[in-house]
Amino acid sequence: MKIIAANFKMNGDKEFIDNWFQNFEADTENLVVVGLPAIYLESSIQNFNKSNFKIAAQNVSKFINPGAYTGQMSSAMLNDVGVEFCIVGHSEAREHLCEDNESVYEKYNCLKSFSITPIVCIGESLEIREANNHLDFISDQIEKFKTAEDKIIFAYEPIWAIGTGLVPTQEQIEEMSSHIKSHFSQQVTVLYGGSVNSKNSSEILNMNNIDGVLVGGASLNAEEFANIAQS
Ligand code: PEP
């Protein structure tokens with residue numbers, strides 16, 4: 001069983017999301033996880049959560065206790081409405097919301113304490129890749145997680161592959177997934193994300209040490225995402 005995750009980012013509205021669910025039909029053993037904007041989580045969970053189809057949040061507060069954190073949403077709140085998965089550390093959140101490795105790890109721990117499964121995004125910029133520093137950079141991003149005892153899900157998403165149509169070679173993806181896994185004694189799941197579509201998904205899902213995909217742009221089309229989920 002692989003994990004096929006979608007990230008709608010800040011796209012869609014009620015009608016779009018309803019239509020998407022009407023049109024998404026996949027006959028698959030894979031676990032499908034769909035990351036929606038926060039405001040649509042509760043109704044989507046009530047209508048669509050099933051055993052191998054889950055709705056995910058796209059971010060969460062690093063603060064565990066209620067308090068004066070205007071605009072934020074806690075792990076307790078996600079748990080309250082039935083959220084079981086949450087993306088953290090997406091490169092867009094690192095860029096636009098100034099998240100760093102420390103805060104991503106705090107979010108991971110908050111989610112864990114409410115039994116929500118984090119999907120931790122990591123990935124290097126083109127500049128870092130071209131300087132051949134990508135392995136060290138990823139080691140830094142995952143450093144704090146080395147003390148975590150549970151199974152961890154990482155989504156390796158090179159920033160230069162997100163929304164660009166560029167996909168790393170098989171060697172580059174496999175090198176990175178085994179590099180990530182080499183830091184841990186426990187089981188670690190590594191998804192690949194960055195310009196995945198129904199044409200390249202089978203090849204990516206067949207790569208060594210790749211346990212699933214995280215799909216942005218192509219997930220907005222329900223038929224396209226169903227094809228990825230079935231690949
Ligand atoms: C993403 O933003 O997580 C992502 C993988 O985007 P895309 O598939 O559009 O490259």
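Report on the accompanying structure. (Residues numbered from 1 in each chain as written. Predicted model: local features only at pLDDT ≥ 70, side-chain atom pairs only at ≥ 80, totals over all residues. Heavy atoms only, no water.)

1. Points about the overall build of the chain
In terms of helices and strands, the chain carries 10 helices and 8 strands. A globule of 231 residues ought to have a C-alpha radius of gyration of about 17 Å, and the chain, at 17 Å, matches this closely. Taken along the three principal axes of its C-alpha coordinates, the chain extends 45 × 45 × 30 Å. Counting over 231 residues, the chain shows a buried share of 51%. For the chain, restricting intrachain contacts to residue pairs at least 6 apart in sequence, the fraction spanning at least 24 positions comes to 71%. (Helix = DSSP H or I, 4+ residues; strand = E, 2+ residues; numbered from the N terminus. Rg over C-alpha atoms; globule rule 2.2 N^0.38 Å. Buried < 20%, exposed > 50% of the residue type's maximum accessible area, 1.4 Å probe, protein only. Contact = heavy atoms within 4.5 Å.)

2. Regarding the site of the ligand
Near the ligand you find 15 residues, and of these Lys9, Glu157, Gly163, Ser195 and Gly216 are the closest. Interatomic distance of 2.6 Å between a backbone N/O atom of Gly163 and an oxygen atom of the ligand. Separating an oxygen atom of the ligand from a backbone N or O atom of Gly216 is a distance of 2.8 Å. Computed on the free molecule, the ligand has an accessible area of 290 Å², of which 95% lies beneath the protein chains in the complex. (Near = heavy atom within 4 Å. Polar contact = N/O pair within 3.5 Å; in protein donor to acceptor, adjacent residues only side chain to side chain. Areas by Shrake-Rupley, 256 points an atom, 1.4 Å probe, with all protein chains shown as cover.)

3. Quick look at the nonpolar core
In this structure, Phe154, Ile180 and Phe225 are the most contacted members of the largest nonpolar core, which totals 58 residues. The element best represented in this core is helix H10 (residues 222-229), accounting for 5 residues. What Phe225 contacts, discounting residues up to four positions off in sequence, is Ile4, Ala5, Ala6, Trp20, Phe24, Val32, Val34, Val215, Ala218 and Ser219. Formed by 13 residues, the second largest nonpolar core is a distinct cluster that contains Val33, Cys121, Ala155 and Leu191. (Core = buried A, V, L, I, M, F, W, Y, C linked by side-chain atoms within 4.5 Å.)

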